[in-house]
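Each chain, letter by letter, is given below.
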Amino acid sequence: MAKVELKGIGKVYDGGVRAVDNANITIEDKEFVILVGPSGCGKSTTLRMVAGLEDISEGELYIDGELMNDVPPKDRNIAMVFQNYALYPHMTVYDNMAFGLKIRKVDKAEIDRRVKEAAHILDIEKLLERKPKALSGGQRQRVAVGRAIVRNPKVFLFDEPLSNLDAKLRVQMRAEISGLHHRLEATMIYVTHDQVEALTMGDKIVVMKDGKIQQIGSPLYLYNHPINKFVAGFIGSPPMNFISVKIAEKNGRLVADEGSFEITPTKEQAESLKNYIGKEVFFGIRPEDLTYAPSPAAENNMQMKVSIIEPLGAETHLYLATSTQQIIARTDPSNTFKIGQEVCFVPNMEKSKFFDKETEKNICEEVKPS
């Protein structure tokens, strides 16, 4: 397999439209890296530049230490799995998987061995004589992956391969692709807009927005230490709540005043927030870091009104309204609530964040961008 390095990679289309700006990413040998972000953020364009399907406007791309900028896609020894699977409808599954090897004039016996081995790995041995129209979405997806496996590429590229599947099958296929990565010990780059896929599958996540890399890190690091409000809101489901508060000094202590309630920052947070006295900032708290308080606690009582109740079996999502804002809390289903009920929740301040309203940067933590 291979190490992939993007050094200052950029993509500028005709008319000066910049799709990717100064991307610096190192994907180690055998690593599973996820490029994640909203539609139009440049993640698929970045993947296509690695594949050679898009020209690189700026920077350098290295695969296994070799400069790849001007190397044709067929000579990069990569394999790509597309969103629409791109199977030939008139060919059988066997022929679809074998086609790439046939045009490379690989020995017939070797083709047969590789196709059957890949079919065994993906549990599609009984489908080899079928044509794509006779397959389900999940089966087509497996065939597309199998076509990539038979080539023994240095790098596997996946461009939102699960987006056409139903929710249950997506969960199953996430697990299968993760298992495939461990079995093949392959270098994989995977593009998705689904942050649940990113959190559950990747060794490392690259978060992108507007063509720029926001932060790179392990799933847990990004979840616990977001560099800015965008990353904090994109990683995690349901997303982090952002509450507009004003930093004030009352009775010798620092407080974050929402209007309906006041929050007392930790000592470390208060030290960083001293420069924000009199200013508004965003208080960030994840739904799972809010604890229901049947009776008011000593401090940090967030008093709100229940507006929507979403029972999900193992947990309940509550939509709670302050006088001006709405937030979400995850609660135990054993707690019972009614629409319009006044309730108190207490935030876990050790896990809370504060973000500058103008720059949207994390105020109270020194966070590494990559």
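Residues numbered from 1 in each chain as written. Predicted model: local features only at pLDDT ≥ 70, side-chain atom pairs only at ≥ 80, totals over all residues. Heavy atoms only, no water.

### Describing the overall build of the protein
For step 1, the next point in the chain: When helices and strands are counted, the protein shows nine helices and 20 strands.
For step 2, the next point in the chain: In terms of overall dimensions, the protein has C-alpha extents of about 80 × 45 × 35 Å along its principal axes.
For step 3, the next point in the chain: A total of 370 residues make up the protein; the buried ones form 51% of that total.
For step 4, the next point in the chain: Across the protein, the fraction of contacts at a sequence separation of at least 24, relative to all contacts at a separation of at least 6, is 67%.
For step 5, the next point in the chain: Each charge sign in the protein was given a centre, from 48 positive and 51 negative side chains, and these centres are 5 Å apart. (Helix = DSSP H or I, 4+ residues; strand = E, 2+ residues; numbered from the N terminus. Buried < 20%, exposed > 50% of the residue type's maximum accessible area, 1.4 Å probe, protein only. Contact = heavy atoms within 4.5 Å. Lys, Arg positive; Asp, Glu negative; His and termini not counted. Charge placed at Lys NZ, Arg CZ, Asp CG, Glu CD.)

### Overview of the packing of helix α2 (residues 93-103) against helix α4 (residues 137-149)
For step 1, the next point in the chain: Contact geometry of α2 with α4 gives a least axis separation of 8 Å together with a crossing angle of 30°. It follows that α2 is roughly parallel to α4 by the angle criterion. Crossing geometry of α2 relative to α4 is assigned as right-handed. Residues Val-93, Asn-96 and Met-97 of α2 touch α4, and the partners they reach there are Val-143, Gly-146 and Arg-147.
For step 2, the next point in the chain: Across the contact of α2 with α4, the residue classes tally to three nonpolar, two polar and one charged. (Axes fitted to C-alpha atoms, helices over the stretch in contact; angles between N-to-C directions. Parallel < 35°, antiparallel > 145°, perpendicular 65-115°, else oblique. Left-handed = near helix turned anticlockwise from the far one by under 90°. Nonpolar A, V, L, I, M, F, W, Y, C, P; charged D, E, K, R; others polar.)

### A few points about the sheet that holds strand β16 (residues 302-311)
For step 1, the next point in the chain: Here we have five strands laid out as an open sheet, ordered β15-β19-β16-β17-β18, and antiparallel in their pairing. Sheet topology places β15 (290-292) and β18 (326-331) at the edges, where each strand pairs with a single neighbour. Each strand axis lies, on average, 50° off the axis of its neighbour in the sheet, ignoring direction.
For step 2, the next point in the chain: Relative to strand β19 (residues 342-347), β15 runs antiparallel, the two being bridged by three bridges. Paired with Thr-291 across the bridge in β19 is Val-346. (Pairing = 2+ DSSP bridges.)

### Side note on unusual backbone geometry
For step 1, the next point in the chain: Residues Ser-237 and Pro-238 are joined by a peptide bond in cis, for which omega reads -5°.
For step 2, the next point in the chain: Here Pro-238 shows up in the loop between α8 (229-234) and β11 (241-250).
For step 3, the next point in the chain: We note that Lys-30 has phi near 75°; this positive angle belongs to a residue other than glycine.
For step 4, the next point in the chain: With respect to the helices, strands and loops of the structure, Lys-30 is situated in the loop between β2 (17-27) and β3 (32-36).
For step 5, the next point in the chain: Lys-30 gets classed as partly exposed once you look at its relative accessible area, which sits at 41%.
For step 6, the next point in the chain: Of note, the phi angle at Asp-64 is positive, near 55°, even though the residue is not glycine.
For step 7, the next point in the chain: Summarising the element assignment, Asp-64 is placed in the loop between β4 (58-63) and β5 (66-67).

### Regarding the environment of Glu-185
For step 1, the next point in the chain: The residue Glu-185 is located in the loop between α5 (167-184) and β8 (187-192) in this model.
For step 2, the next point in the chain: In this structure the C-alpha to C-alpha distance between Glu-185 and Lys-30, which are 155 residues apart in sequence, comes to 5.4 Å.

### A look at the packing of aromatic side chains
For step 1, the next point in the chain: Tallying each qualifying case throughout the model produces ten aromatic pairs.
For step 2, the next point in the chain: Seen from their ring centres, Phe-230 and Phe-234 are 5.6 Å apart, and the 25° between their planes marks the pair as stacked. On the criterion of helical spacing, the pair formed by Phe-230 and Phe-234 is a turn pair, its members being four residues apart in helix α8.
For step 3, the next point in the chain: With a relative accessible area of 15%, Phe-234 lands in the buried category.
For step 4, the next point in the chain: Cluster of aromatic residues (ring-pair linked, three or more members): Phe-32, Phe-156, Phe-158 and Tyr-190.
For step 5, the next point in the chain: Over the ring of Phe-282 we find Lys-229, and its NZ or CZ is 4.7 Å from the ring centre.
For step 6, the next point in the chain: Taking the ring centre of Phe-282 as reference, the NZ or CZ of Lys-357 above it sits at 4.9 Å. (Phe/Tyr/Trp six-rings, centres within 6.5 Å; stacked < 30°, edge-to-face > 60°. Lys NZ or Arg CZ within 6 Å of the ring centre and 35° of its normal.)

Nothing here speaks to function; it is geometry throughout.
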